[in-house]
Amino acid sequence: MTEVVAALIWKGDTFMICQRPAHKARGLLWEFVGGKVEPGETKEQALVRECREELAVTLQMGEVFMELTHQYPDLTVHLTLFHASIQEGTPQMLEHNDIRWITVEEIDRYPFCPADEEILQKLKQEARCG
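In this text, all values refer to a predicted model and were calculated from it rather than measured experimentally. (Residues numbered from 1 in each chain as written. Predicted model: local features only at pLDDT ≥ 70, side-chain atom pairs only at ≥ 80, totals over all residues. Heavy atoms only, no water.)

Examining the layout of surface pockets
Space inside the largest pocket adds up to approximately 580 Å³. Contributing to the lining of the largest pocket are 27 residues, with V4, R20, E31, G34 and G35 lying nearest its centre. Secondary structure elements with two or more residues in the lining of the largest pocket: β1 (2–11), β4 (34–36), α1 (43–55) and β6 (76–88). Here the lining of the largest pocket gets four residues from one element, more than from any other, and that element is β1. For the lining of the largest pocket, the per-class residue count stands at twelve nonpolar, four polar and eleven charged. (1 Å grid on protein atoms, 1.4 Å probe; cavity = no way out; pocket = protein on both sides within 12 Å on 5 of 7 lines; lining within 4 Å. Points joined across faces, edges and corners; volume = space filled by probe spheres on them. Helix = DSSP H or I, 4+ residues; strand = E, 2+ residues; numbered from the N terminus. Nonpolar A, V, L, I, M, F, W, Y, C, P; charged D, E, K, R; others polar.)

Points about the environment of R128
In this fold, R128 is placed in helix α2 (residues 117–129). C-alpha separation for the pair R128 and A115, spaced 13 residues apart in sequence, amounts to 22 Å.

Details of the nonpolar core
If you look at the biggest cluster of nonpolar residues, it comprises 24 residues, and the most contacted ones within it are F15, F32, I107, F112, I119 and L123. Contributing elements (two or more residues each) for this core: β1, β2 (14–19), β5 (58–71), β6 and α2. Apart from residues lying up to four places away in sequence, I119 is in contact with F32, F65, M66, L68, L79 and L81. Residues L47, C51, V57 and A84 belong to the second largest nonpolar core, which totals 17 residues. (Core = buried A, V, L, I, M, F, W, Y, C linked by side-chain atoms within 4.5 Å. Buried < 20%, exposed > 50% of the residue type's maximum accessible area, 1.4 Å probe, protein only. Contact = heavy atoms within 4.5 Å.)

Observations concerning unusual backbone geometry
Look at R26: it is not a glycine, yet its phi comes out positive at around 55°. Secondary-structure assignment places R26 in the loop between β2 and β3 (30–31). Judged by relative accessible area, which is 21%, R26 ranks as partly exposed. Residue A56 is not a glycine yet carries a positive backbone phi of 60°.

Concerning the packing of aromatic side chains
Throughout the structure, instances matching the rule amount to four aromatic pairs. Ring centres 6.0 Å apart and planes at 25° place the aromatic pair F15 and F32 in the stacked group. Taken together, the residues F15 in strand β2 and F32 in the loop between β3 and β4 connect sequence positions 17 residues apart. In this pair, the class of F15 matches that of F32, namely buried. Pairing W30 with Y110 gives two aromatic rings, centres 5.2 Å apart and planes at 75°, and the pair type is edge-to-face. With W30 in strand β3 and Y110 in the loop between β7 (98–102) and α2, this pair connects stretches of sequence that are 80 residues apart. Of the two residues, W30 and Y110, both sit in the buried class. (Phe/Tyr/Trp six-rings, centres within 6.5 Å; stacked < 30°, edge-to-face > 60°.)

Encoded structure:
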């Protein structure tokens, strides 16, 4: 199983989504920024590193929003999604095809990676209960 971390980064009532590069697995699908946890790293360290590498920003880590396990045909991921905010820097597209800030109401306009579907449902539910 692959340990993966991702960030739910809010700016007002919008949150950041990133489009995967076309040449990667699940190319051009949308996801939360993040990546794999390397040996010897904590989940928090991995997420800070990934965001530095992929967006050139420094994160302020928050609480875990959700954890889930998803089985793709080619791998199984254990995903931990953290609340986070940008402490320093402006997001750059160093690895992604595109970056967008969207509202919860706009989620259905974007094709997301299957592992993120459960997270998106929870975001929608919390917005309705708000």
